[in-house]
Every structure is written in structure tokens, then in C-alpha cells.
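Examination of the molecular architecture
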Amino acid sequence: MDFLQTDIQRIQGLGPKWKALFAEDMDIVTFDDLLQLYPYKYVDRSHIYRICDITNNMPYVQLCGRFLTCELIGTGRQMRMSALFTDGTGQIEIVWFKGLNYVKQQVNTNDEFMLFGKPTAFNGRYNIVHPELERADKAQLSAGTLQPFYNTSERMKKVGLNSKAIQKLMNQLFNVQLQGSVPDTLPRRILEGYHLINRSTALRILHFPQNSRELEQATFRMKFEELFFVQLGILKNRNVNRHKQVGVKLSSVGALLNDFYKNHKPFEPTNAQKRVVKEIWADIQSGHQMNRLIQGDVGSGKTLVALMAMLIMVGNKLQCCMMAPTEILATQHYEGLSAFVRNMPVRIELLTGSTKKKDRTQLLADLAEGKIDILVGTHALIEDTVVYQNLGLAIVDEQHRFGVQQRAKLWGKATIPPHILVMTATPIPRTLAMTVYGDLDVSIIDELPPGRKPVRTEHYFHYKRNNLNQFVYQQLKMGRQVYVVYPLIEESERLDFKNLTEGFEYMKSAFPEFNVCMVHGKMKPEEKDAAMQDFVSGRAHIMVATTVIEVGVNVPNASVMIIESAERFGLSQLHQLRGRVGRGADQSYCILMTSPELGNETRQRMQIMVDSTDGFRIAEADLQLRGPGNIDGTQQSGLPFTLHIADLAKDAQLVAYTREVAEKVLAEDPLLQAPDNQGMVERLKVLNNSSINWSIIS
Ligand code: ADP
Ligand code: MG
């Protein structure tokens, strides 16, 4: 077994109690794990500050001087040790609340000491609480180097397992147990080809750096390794799946698509739409099952792409199905697709929870006999009673509402598993998409159809509501419709609900000549659908709603989207909501309502929305501001293994770069069978066992 997989308890000075804390609080069990506990910062211990130079907001400082006094003050829980320290340029108070006996033994007024800590201002004067303390004659050792700081939990600190202790353990591990040498995880040709320093050197530098110059190289090397293995794992897995999974193979796009393209298409597809259709066609020709994700901003025309893919199938005598998360969306898809092929010999049907029993029986019989070409619907489509004659392609719209298991059910609906096309408007940044969607291939529609007027976005404070009402009134008078959206989350559900209903009453009283409807998730489905339908048909002019309207609803006549308490929504969610307007020819508006007291980050988020209508740019910004775990729609997905040093948001370029390197390696050896690659295979195994399960990635 790999020596690095040894239990950390073998390290001298590390007993069972620490071992347990490492495992529970830090997920650290083996030598390997501990080596990957990288310092979160380094402090230059070669510099000695003068007390007279201390100012506000200083980081850790190192002082050299003598104690003038040291006395115990207060009683009971207030008891503390207070000392006055001077270096000749000034004096500073040093305070200890814990370990007072120990401090008493250490501190004297004769010796010179080195102090290391963070000065804080208290009552207009500076003090340092619980500094590190060493006699100056003994402290020489750490001069001239950078001191690493390690994260530890509160529980660990309580038992003395602090950064300093970890530094000592690291020394035992790296320099004693491992004798400063660990095997490399990357083959020599990669180290040389990409100018990487070897693993031993990189780890030595990261844990025992001499200067900041060498740190850069070492950090790069370990980030490269981490991101490279993530990509290698994902791409290799994909290759394995591809080799295993045959798919329906077609050799011609068929007459139907050609007919549509020549005679029936209502508009010229954008270049992005054409490119994505070509990518789909390449998959279908390959003989392997397609598992492709289409990412396209709201309004980018994913439906047309879906239709063209389906026409290829239908032209080859295969059936297709298209699933949407809600009945309204399924109905809209059904109507939209039917309109596209109105004059073509294609039979499209709709199946939802509210399809009448009689119609349903007939429909299912026709489907089984192959008389239906395209079946559009909700979850009803994957029920066991739904049997196809020869399902070739399944399309899933807005995938984050469908679980992996539900998708897997689709596979069982044909002898050769159908090709799968997943569509989402959640614009996940490319770098993240590469990673979180695992073995799905990603196609991006990064172009909107021509002639769209971008939605104008404005940020309003609550107290300007009167101005806003005048504007809304003008829009309503022009025949437009208006959305008003309120946040509703479980934690503050009661209050949110009150805001929503008050908002509803308010709009009714502010616009008495117009009809206002209300939609929220707690309504019975029939009631909800009825209220939605009121708005879709134009009977209601204003819709007050929670985010239930987020996905997909298409009301081209709606021109104003007012988002209340906009600060409580994520950027991607705001972008989705905004996508509900701007679907027609008219200029549309999005109003972000917030309170005037906003934090810096919130202000920035509102500004990004005002400045940009590009979903990808917004998603990138969201990633920068909030980190990958928080991007809407990606919470359930995860990386195959934890990143210890790299950061998907900050190291986006390196993600792309390592992806290319992994692609090159796999181009030569798709299943990693060559002897020279076995070291990497071993490393992948270790990484996979060490944390998250591959299967959670869709
Ligand atoms: P989404 O990607 O949000 O699902 P849709 O497929 O609903 O977008 O398309 C949005 C609107 O744009 C629809 O009205 C559709 O007919 C129209 N559309 C799609 N592609 C084009 C195109 N190439 N040229 C003009 N209009 C288009
Ligand atoms: Mg759509």
C-alpha cells in the first residue's frame, strides 16, 4: 500500500484525541490528507515592527522588547494577566485570559522577548491578546522565513491543536516520517512538458517556505495537480461510459429535417443554434448514446434546436418525448412545437396529469403502436404505463427540476437507451459547467435571435414607490402586463407570505381599474394554474407572485418585472426572473426594489444586473462573488473530490488549461491503460475513495 495512506497517528506527538479531532473536524485521516492541509496564509517573520508604528487594521506583527510589568487583575471570570511591553519606541498592553499559570512562568522583566500577534484597538489604545511568545535568544530559528498559518476548528484550538501545533506535526510528518520525499503523482513527461516542479519540492515549499517567490511555483504546481485530476477523472469516466453505452446510430438526418429547413422554418436559425444542432447530429451519428446538455440563456431559442433534433429522429421513424417541469410549460411547449410543424406530417401530443382518462387511454395505445411521433408532457411521461414503440430521443427541459433517478427512468423506455438532451437556461459559467456536469457534454447557445431589445433594468429604493407607480400605470394603459415578484423562503415563510398578500392588496388598491391575480406555491395546483392562465390570457393585468413563475412562462405582452426585496435573490435567480419580460417586440423593464441600506456586495450585485443582460457574464460575476457552491442549480452537483488549494472561481483559467491537458492525455490513451499512466490511475483511485461519490454527478 501507498505509504502516504498511513494513519496520521503514526506521527510522533499525535495521540488518539487529536486523531479523532482531525478526522471529525477536518476530514484528515492519512498522511496524504494532512499534507493537503495547506496554510491559508503566510506571515513574514523576518520583519520586526516598532511599537510606535502600529496603526489600525494591522495584520499580525512581530515585536521585540522587554516586559515592564506583569500582573494578575480582576477576579473570577474577569481574571486576566495584563503586562506592559516596550521596545523603546513605545508601550503596548499584552493580555492573557487563559493559561495564566503558564504565562506567569514564562514572562519575566529580565529577558528580551519576541512577541507575535494581532494588535487591536481598545479604549483608544492598542493591545495584543494571547500573542505567541518566545525568548529572543531562542526565537532566532524562525527569523528569515515565512510562517505558515493553518486553519483549525474551535475544538482543536481548545486542546492545543492550533496552527503552531500543526506546523510541528507537519515537520514530523514531512521531514521525519517521509524524509522530505513523496512519490510524484504526475508522470515525468507532464512535469517536463508543463514546467512543473516535482511534488516533494512543492510540498516542502508550501509547508516550509523560505520566501514568497518560490511559493508561487509551488502553489501553481499543486493547483495544477488538483484541477488536472478533477478533469482527468471526469473525462476518463465519460470515455468509459461512452465505450459501454451504445446508442441508436443514424446515418442520415432524414427527409423531415430537410423539408422543415427548406419549406417550413419560420425564421433563420442563429449561428449558435446551427452549431448546436450540428453537435447533436455528430453525437447521433457516433453509435454511442448522446448525453448532452444545452445551455442557453432565456430566449436564446432552445425550443427550435430541440425541434430540429426531434425532426432528425422522426424522419428516421423514431419517437421522441419532451418533458417540462410544470403543466403550463408543457402546454406552452406543445403549442409552440405544434405551430412549428403545422404543415408537416408530424403528430405531436400532450400528456399531463390533467389529461382525461379516456384521452389518455387512446393516447397511450397510439404511442405504443408508434402512431405518435412526439409526446410532450410533465412527469406523467415517465410513469410506467407510458410505453413507446421505439423511443429514440428524450428531451428534458429545465433539468434542475428533474432528479437523476427520474432521468434514469427514461433509459428503460427503449431497448437501446434513447439519446438524452437536457436543456437549461441556468447559465453556469463554462469553467464550472465543464466540471459540475460531469459526463454530460455541454453545448452552449451563446447568441440571441436578432432584433431583441435588451430589458432595461433599474434599481429603485422602496421610498420611490410613487414614481414607480406612475410608470407602471403608463405601461398598463398601453396594454402591457406587469409582474410583481416577492421572495418566499421557508425560514421566514410567515412574514414573506404576509408581504406577498399585502403586496397583492396594495396593487389592487393602487390600480383599481386593472385586474390583479396572485400566484404562489402553496396554492392548490388547479388554483395556481387558473391564476396563471388568467395572466397568460390577458384577463389579469398584474400578477403578484413568488418565484413559482421563474421557469419558462412565456407571456410576450408582459413588459414590466418588479422584483421586491431584490437583495434577497441570487444573481442567477434575478436574471431568470428578468427573462420573463423582453419576450415581445416592446421595450421591457426590470425594476429591482430594495431598501436603501445595503451592504457592499449587495450593491455590487444590483449594479451587475443594471449593467448587464448577458447571463454568462452574470453567472461569472455570481461565481466571483459567492463561490461555486452557491450558484443556483449547482448545489446538488459537486466536484468529484474536494479542492484543497485550487478555487474554481479564482482559478478559472487553470481549470480550462488542465482540462486541455487531460484531454490530450486521454486522446492518446482513452481508458488510461498505458503503463506510464498507471501512477495517475492509482492517484485517481485514492482521490475517488477519499471523498464524494461520483454517482451524485449527473
Ligand atoms: P428559450 O431558449 O428560452 O427556451 P425559446 O425557444 O422559447 O427560448 O425562444 C424564444 C423566442 O425566440 C421564441 O418566440 C422563438 O420563436 C424565438 N426564436 C427562436 N429562435 C429564433 C431565431 N433564430 N430567430 C428569430 N426568433 C427566434
Ligand atoms: Mg424554453
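Described below are features of the structure shown in this document. Nothing here was measured: the structure is a model prediction, and the numbers come from that model.

Here we take up the site of ligand 1. Ligand 1 sits among 15 residues. The nearest are E268, G299, K302, T303 and R452. Here a nitrogen atom of ligand 1 and a backbone polar atom of T270 are 3.5 Å apart. In this structure, an oxygen atom belonging to ligand 1 sits 3.5 Å away from a main-chain N or O atom of S300. Relative to its free-state accessible area of 560 Å², ligand 1 is covered by the protein chains to the extent of 76%.

As a further point, take the sheet that holds strand β17 (residues 456–461). As summarised here, the arrangement of the six strands in space is β17-β22-β21-β18-β20-β19, forming an open sheet in which the pairing is parallel. A strand with exactly one partner marks an edge of an open sheet, and here the two such strands are β17 and β19 (516–519). Across the sheet, the axes of successive neighbouring strands diverge by a mean angle of 20 degrees, strand direction being ignored. Alignment of strand β18 (residues 481–485) against strand β21 (residues 558–563), held across five bridges, turns out to be parallel. The residue of β21 that forms the bridge with Q481 is A558. Along the sheet, helix α18 (residues 525–537) contacts β18, β19, β20 (542–545) and β21; its crossing angle with β19, the most-contacted strand, is approximately 140 degrees.

Compared with an ideal rise of 1.5 Å per residue, which puts 15 residues at 21 Å, helix α5 (residues 163–177) spans 20 Å between its outermost C-alpha atoms and is within 8% of the ideal. Taken together, the buried positions of α5 are S163, A165, I166, L169, M170, L173 and F174. Seen along its axis, α5 keeps its buried residues to an arc of 155 degrees; they face one direction. Lining the buried residues of α5 we find α1 (16–26), α2 (31–35), β9 (146–149), α4 (154–158) and α7 (199–207). Q179, located one to two residues past α5, shows a positive phi value of around 50 degrees.

Definitions and cut-offs
Residues numbered from 1 in each chain as written. Chains lettered and ligands numbered in written order. Predicted model: local features only at pLDDT ≥ 70, side-chain atom pairs only at ≥ 80, totals over all residues. Heavy atoms only, no water. Near = heavy atom within 4 Å. Polar contact = N/O pair within 3.5 Å; in protein donor to acceptor, adjacent residues only side chain to side chain. Areas by Shrake-Rupley, 256 points an atom, 1.4 Å probe, with all protein chains shown as cover. Pairing = 2+ DSSP bridges. Helix = DSSP H or I, 4+ residues; strand = E, 2+ residues; numbered from the N terminus. Axes fitted to C-alpha atoms, helices over the stretch in contact; angles between N-to-C directions. Contact = heavy atoms within 4.5 Å. Expected span 1.5 Å × (residues − 1). Buried < 20%, exposed > 50% of the residue type's maximum accessible area, 1.4 Å probe, protein only. Arc of directions from axis to C-beta.

Structural measurements only, silent on function.
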